[in-house]
Amino acid sequence: MSLYHHKYGYYQKHAPKTGKRGDFITSTSVGDVFSRVMARVLIKEIQKNAYAPVIVDAGSGDGNFISSFLDEVKTVDHKFYKKLTYFVLESSPYHQQLIAERTKHHNVLIYPSLSTIKEELPKLNGILFSNELLDAFPVRVIEKQRELLEVCVGLNDYDCFEEVYIPCTDPEILNWLACHELQISDGQRIEIPLAMGEWLDEIGIWLSHGKVFTVDYGYTNEEWGKPGRRRGSLRGYYNHQLIENVLQFPGEMDITTHVHVDAIRNIGLSHGIQWVDCLPQGHFLLKEGLLQFLQQTTPDNPFSREHKQNRAVRWLAQSNQFLVMIQEKCPKKDDA
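Given the structure is predicted, the values throughout are model-derived calculations rather than measurements.

Focus on the pattern of salt bridges
For step 1, the next point in the chain: Under the counting rule described, the total for this entry stands at 15 salt bridges.
For step 2, the next point in the chain: Residue Arg102 is joined to Asp62 by a salt bridge in which the shortest nitrogen-to-oxygen separation is 3.8 Å. Taken as a pair, Arg102 in helix H4 (residues 93–102) and Asp62 in the loop between strand E1 (54–58) and helix H2 (64–76) lie far apart in primary sequence, 40 residues in all.
For step 3, the next point in the chain: Glu150 is the salt-bridge partner of Arg140, the closest N and O atoms lying 2.6 Å from each other. Residue Arg140 is found in strand E5 (residues 140–145), and its partner Glu150 is found in strand E6 (residues 147–155); the two are separated by ten residues along the sequence.
For step 4, the next point in the chain: Judged by relative accessible area, Arg140 falls into the partly exposed class, the value being 27%.

Brief notes about a nonpolar patch on the surface
For step 1, the next point in the chain: Taken together, the side chains of Val153, Leu155 and Phe161 define a hydrophobic patch exposed on the protein surface, amounting to about 310 Å² of accessible area.
For step 2, the next point in the chain: Mapped onto the secondary structure, Leu155 falls in strand E6.
For step 3, the next point in the chain: Residue classification places Leu155 among the exposed residues on the basis of a relative accessible area of 54%.

Reading guide: rules and limits
- Residues numbered from 1 in each chain as written.
- Predicted model: local features only at pLDDT ≥ 70, side-chain atom pairs only at ≥ 80, totals over all residues.
- Heavy atoms only, no water.
- Salt bridge = Lys/Arg side-chain N within 4 Å of Asp/Glu carboxyl O.
- Helix = DSSP H or I, 4+ residues; strand = E, 2+ residues; numbered from the N terminus.
- Buried < 20%, exposed > 50% of the residue type's maximum accessible area, 1.4 Å probe, protein only.
- Patch = residues over 30% accessible without salt bridge, like charges linked within 9 Å, V, L, I, M, F, W, Y side chains within 5 Å.
- Areas by Shrake-Rupley, 256 points an atom, 1.4 Å probe, with all protein chains shown as cover.

Here it is, written out as structure tokens:
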């Protein structure tokens, strides 16, 4: 509710979320280089694999990525640009309005939910792209203290939110641990992303032919087991400050977790979606030509557009806290 309540939720408010005026920095807030590299990557993927010229951008944000992405497509391959249909999945009315304003000259279709897109596009043949979407899905929190407990939210005597522990008996959580072979040690806390699992199942059924590009921060099962992860990853960002107590500032700050990389892979495989690659974002972008966007500069104007772009390139080259996960589903022989 802190994030998604229709009136008071953080993502529904008419205010910037990213960049200097927001609460956190992401790849799209440092300039247009990220979107331009991704435009070239996705054009190449669609043409090389003979996918339909369709891109679905899930959790699109304020429209800056889409606008510069489509400008780059138009510049690189105008014929392809004219064929491309760009579907946007964005639940925030504020962001929908910004996207519409910033992309009014492009072939962009905006939908508030996956179910409404599926009315127009019953099966997806093409590319599904998301950037920092899965980390914002609701999670359940568990902690092992000899027995397995769920960490819930309650009110103390002063009507302030506090953590409340109850025995964890929910079969969905227990099934997640078993299916994804996630071992929890005594004293460890971890987030269980059941909502993310439901979303991935929907995508797995919907995708008929194409690739899924998921950009996010996450850990494998092995990484979750390391000592530094014993308190999980749930945290907030408020005015560019990391807030460990996510019960502070309800509706006023971003709340996020690291995603479960092994679970993303497992759920995809259960729907016939093969795991292609998983690379740190900086390595991926360098492999895909990031350095081509470096500009000639002069020392007399450090605030020039060229200097700003070069700073963005350097930031992106080092942005290995994010992962680029790539999955692919090929049509069955009888569907081809």
